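The primary structure of each chain is shown beneath.
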Amino acid sequence: MFDFDAFLETLKADLTEVVSDFGEDLKDDLLKDAGDFALQTKEDLIKWSKMLKDGELSQEDFEFLLEAKKDLAEMEALKQRGLAQAKLDKLKLTIIDTVAGSVRKVIS
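Here the structure is a predicted model, which is why all the values come from computation and not from measurement. (Residues numbered from 1 in each chain as written. Predicted model: local features only at pLDDT ≥ 70, side-chain atom pairs only at ≥ 80, totals over all residues. Heavy atoms only, no water.)

(A) Looking closely at the overall build of the protein chain. The helix and strand inventory of the protein chain stands at six helices and zero strands. Considered along the principal axes of its C-alpha atoms, the protein chain spans approximately 40 × 25 × 20 Å. Counting all 108 residues of the protein chain, 41% fall into the buried class. For the protein chain, contacts bridging at least 24 residues in sequence account for 72% of all contacts bridging at least 6. Total accessible area computed for the protein chain in this model is approximately 6,200 Å², and 49% of it derives from carbon and sulfur atoms. (Helix = DSSP H or I, 4+ residues; strand = E, 2+ residues; numbered from the N terminus. Buried < 20%, exposed > 50% of the residue type's maximum accessible area, 1.4 Å probe, protein only. Contact = heavy atoms within 4.5 Å. Areas by Shrake-Rupley, 256 points an atom, 1.4 Å probe, with all protein chains shown as cover.)

(B) Just the nonpolar core, in detail. Membership of the largest hydrophobic core comes to 30 residues, with the highest contact counts inside it found for Phe-7, Leu-45, Phe-62, Leu-66, Val-99 and Val-103. Elements that contribute at least two residues to this core include exactly α1 (4–18), α2 (27–40), α3 (42–53), α4 (59–68) and α6 (85–107). It is α6 that contributes the most residues to this core, eight residues altogether. Apart from residues lying up to four places away in sequence, Leu-66 is in contact with Leu-45, Trp-48, Ile-96, Val-99 and Ala-100. (Core = buried A, V, L, I, M, F, W, Y, C linked by side-chain atoms within 4.5 Å.)

(C) Just the packing of aromatic side chains, in detail. Overall, the coordinates contain three aromatic pairs when judged by the stated rule. Between Phe-2 and Phe-4, the aromatic rings sit 6.5 Å apart at their centres with planes inclined by 65°, giving edge-to-face as the arrangement. Judged by its relative accessible area of 7%, Phe-4 falls in the buried class. Judged by centre distance (5.7 Å) and plane angle (45°), the ring pair of Phe-2 and Phe-7 falls under tilted. In this structure, Phe-2 and Phe-7 share a single accessibility class: buried. (Phe/Tyr/Trp six-rings, centres within 6.5 Å; stacked < 30°, edge-to-face > 60°.)

(D) Region of interest: the environment of Ser-58. Take Ser-58: it is sitting in the loop between α3 and α4. From its side chain, Ser-58 meets the backbone nitrogen of Asp-61 in a polar contact 3.0 Å long. (Polar contact = N/O pair within 3.5 Å; in protein donor to acceptor, adjacent residues only side chain to side chain.)

(E) Just the side chain of Thr-94, in detail. Residue position: Thr-94 is located in helix α6. Take Thr-94: its relative accessible area is 14%, and that puts it in the buried class. What Thr-94 contacts, discounting residues up to four positions off in sequence, is Val-18 and Phe-22.

Shown next as structure tokens:
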């Protein structure tokens, strides 16, 4: 069984490491938006993570499925800061990449 709570803790730690690329002042908002995305996609993350661990899904397919969900990352906290759309899109991709990496850490 996929330990979603362990995943959330790993995600938070991993995002804290990459937040410096965007500025420390965005840390809290980035963590909030990433957490919201994880909760919105919880059922899929649990299902896909099990499939990935069991070899029923390749890493590439897993990442493709996550990319398909990126529009669910509404980025409300970051939008309120008035960030440009290009920066919001880059942050979304960072969240997706970090989610994938955090899942790999939890299932291995």
